[in-house]
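A closer look at the structure
Here are the chains, one letter per residue:
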Amino acid sequence: MEENILYAENTLRKMFIGSQLDGIKFGLGPETTFVYFEHYNINHYPDKLWINIETIWSIYPSITDIIHKFKHEKSQQNEIDEIAKINSLLSVRREKVTDIKLGDITPHLFITFESGKVLFVNGYHENYECWQAGDGPDFTGDDFLIVAAPQNSISTWAPESL
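My aim in this report is to walk through the structure given alongside it, one point at a time. (Residues numbered from 1 in each chain as written. Predicted model: local features only at pLDDT ≥ 70, side-chain atom pairs only at ≥ 80, totals over all residues. Heavy atoms only, no water.)

1. What to know about the overall build of the protein chain
Operational definition: Helix and strand assignments follow DSSP, with helices taken as H or I runs no shorter than four residues and strands as E runs no shorter than two, numbered in order from the N terminus. For the exposure calls, accessible area comes from a 1.4 Å probe over protein chains only, and a residue counts as buried if that area is under 20% of its type's maximum, exposed if over 50%, partly exposed in between. Between two residues, a contact is recorded if the distance between any of their heavy atoms is within 4.5 Å. Computed with the Shrake-Rupley method and a 1.4 Å probe, the accessible areas treat only the protein chains shown as cover for residues.
Secondary structure summary: the protein chain contains three helices and ten strands in total. Ordered by position from the N terminus, the helices and strands of the protein chain form the series α-β-β-β-β-α-α-β-β-β-β-β-β. When the 162 residues of the protein chain are sorted by exposure, 45% land in the buried category. Put simply, of all contacts in the protein chain between residues at least 6 apart along the chain, 53% involve residues at least 24 apart. A total of about 8,800 Å² of accessible surface is found on the protein chain, and carbon and sulfur atoms cover 52% of it.

Put into structure tokens, the structure is as follows:
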């Protein structure tokens, strides 16, 4: 499992670092959010990226705030309303991604932006996929697809030349 997480994390880094949060598509309910990223450097491949979030997520002021929250609170996360969540995403619009990490055991997603703010996406569900990340304009992923699958599993499809 550790090898799968490292491969997925390296693929995500090559895809997303340097890209900018570029748009939001609203899903069927507040738990489904489609977030677009783009590399405005014309020499970067892939250039159009997305993350389909189907679980709880939040923007935190820093990675330290996330660690503190999980150490001191038993529940995963208090839900905030959808408008507040979208506004928190707007607070990092056009910011470049400076780092991207996955949890050591669970494929929680941590995307750090230039301001130090972090988009945290839960990576664990017993029965369902929590998030998918890929490239291209559609949800299928043209060449890249990373999926946080049920029960701490992760799957990665990427070109062999990566």
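2. Here's the deal with the packing of aromatic side chains
Where we set the bar: Geometry of aromatic contacts follows a simple scheme: Phe, Tyr and Trp rings, the Trp one being its six-membered ring, pair when their centres are within 6.5 Å, and the pair is stacked under 30 degrees between planes, edge-to-face over 60, tilted otherwise.
Using the criterion set out here, one finds seven aromatic pairs in the structure. Ring centres 5.2 Å apart and planes at 90° place the aromatic pair phenylalanine 16 and phenylalanine 37 in the edge-to-face group. Residue phenylalanine 16 is located in helix H1 (residues 2-16), and its partner phenylalanine 37 is located in strand E2 (residues 33-38); the two are separated by 21 residues in the primary sequence. Per residue, the accessibility class of phenylalanine 16 equals that of phenylalanine 37, and both read buried. With 6.5 Å between their ring centres and 10° between their planes, phenylalanine 37 and phenylalanine 113 make a pair best called stacked. With a gap of 76 residues between them, phenylalanine 37 in strand E2 and phenylalanine 113 in strand E6 (residues 109-113) connect regions that are remote in the sequence.

3. A closer look at the sheet that holds strand E7 (residues 118-121)
How we decide: Two strands form a pair only when DSSP identifies at least two bridges running between them. The axes are straight lines fitted to the C-alpha atoms, using for helices just the contacting stretch, and the angles between their N-to-C directions are given from 0 to 180°.
Spatially, the four strands line up as an open sheet ordered E4-E7-E6-E5, and their pairing is antiparallel. Whereas interior strands pair on both sides, the edge strands pair on one side only; in this sheet they are strand E4 (57-60) and strand E5 (97-102). Across the sheet, the axes of successive neighbouring strands diverge by a mean angle of 15°, strand direction being ignored. The sheet contact formed by E4 and E7 spans four bridges and is antiparallel. Across the sheet, the residue bridging to tyrosine 60 is valine 118, located in E7. On the sheet, H1 packs against E5 and E6 and is oriented at approximately 165° with respect to E5.

4. Considerations on H1
We apply this condition: The span you would expect from a helix comes to 1.5 Å times its residue count less one. For this quantity, the arc is that covered by the directions from the helix axis to the C-beta atoms.
Taking 1.5 Å per residue, 15 residues should reach 21 Å; H1 reaches 21 Å between its end C-alpha atoms and fits that length. Those residues of H1 lying buried are Ile5, Ala8, Glu9, Thr11, Leu12, Met15 and Phe16. An end-on view of H1 places all buried positions within 165° of arc, on one side of the element. In H1, the exposed positions angled more than 90 degrees off the buried face are occupied by Glu2 and Glu3. Positive phi shows up at glycine 18, right after H1, with a value of about 95°.

5. What about the pattern of salt bridges?
So the rule is basically this: Definition used for salt bridges: Asp or Glu carboxyl oxygen within 4 Å of a side-chain nitrogen of Lys or Arg.
Within the structure shown, the criterion is met by two salt bridges. A salt bridge links aspartate 99 to arginine 13; the shortest N-O distance between them is 3.3 Å. Within this pair, whereas aspartate 99 is found in strand E5, its partner arginine 13 is found in helix H1, the two being separated by 86 residues in sequence. The salt bridge involving lysine 48 is made with glutamate 38; its shortest N-O contact spans 3.2 Å. In this pair, lysine 48 sits in strand E3 (residues 48-53) while glutamate 38 sits in strand E2, placing the two residues ten residues apart along the sequence. Assessed through its relative accessible area of 37%, lysine 48 is described here as partly exposed. Look at glutamate 38 and you get buried, because its relative accessible area is 16%.

6. Quick notes on the nonpolar core
In plain terms, the rule: The nonpolar core is taken to be a set of buried Ala, Val, Leu, Ile, Met, Phe, Trp, Tyr and Cys residues, with the residues joined through side-chain atoms within 4.5 Å.
The biggest cluster of nonpolar side chains holds 30 residues, and the ones touching the most others in it are Leu12, Phe16, Phe37, Ile51, Leu109, Ile111 and Trp131. When neighbours within four sequence positions are excluded, phenylalanine 37 is seen to be in contact with Phe16, Ser19, Gln20, Leu21, Asp22, Asp47, Lys48, Leu49, Ile51, Val97, Ile111 and Phe113. Of all hydrophobic cores here, the second largest spans five residues; its members include Tyr60, Ile66, Val118 and Phe120.

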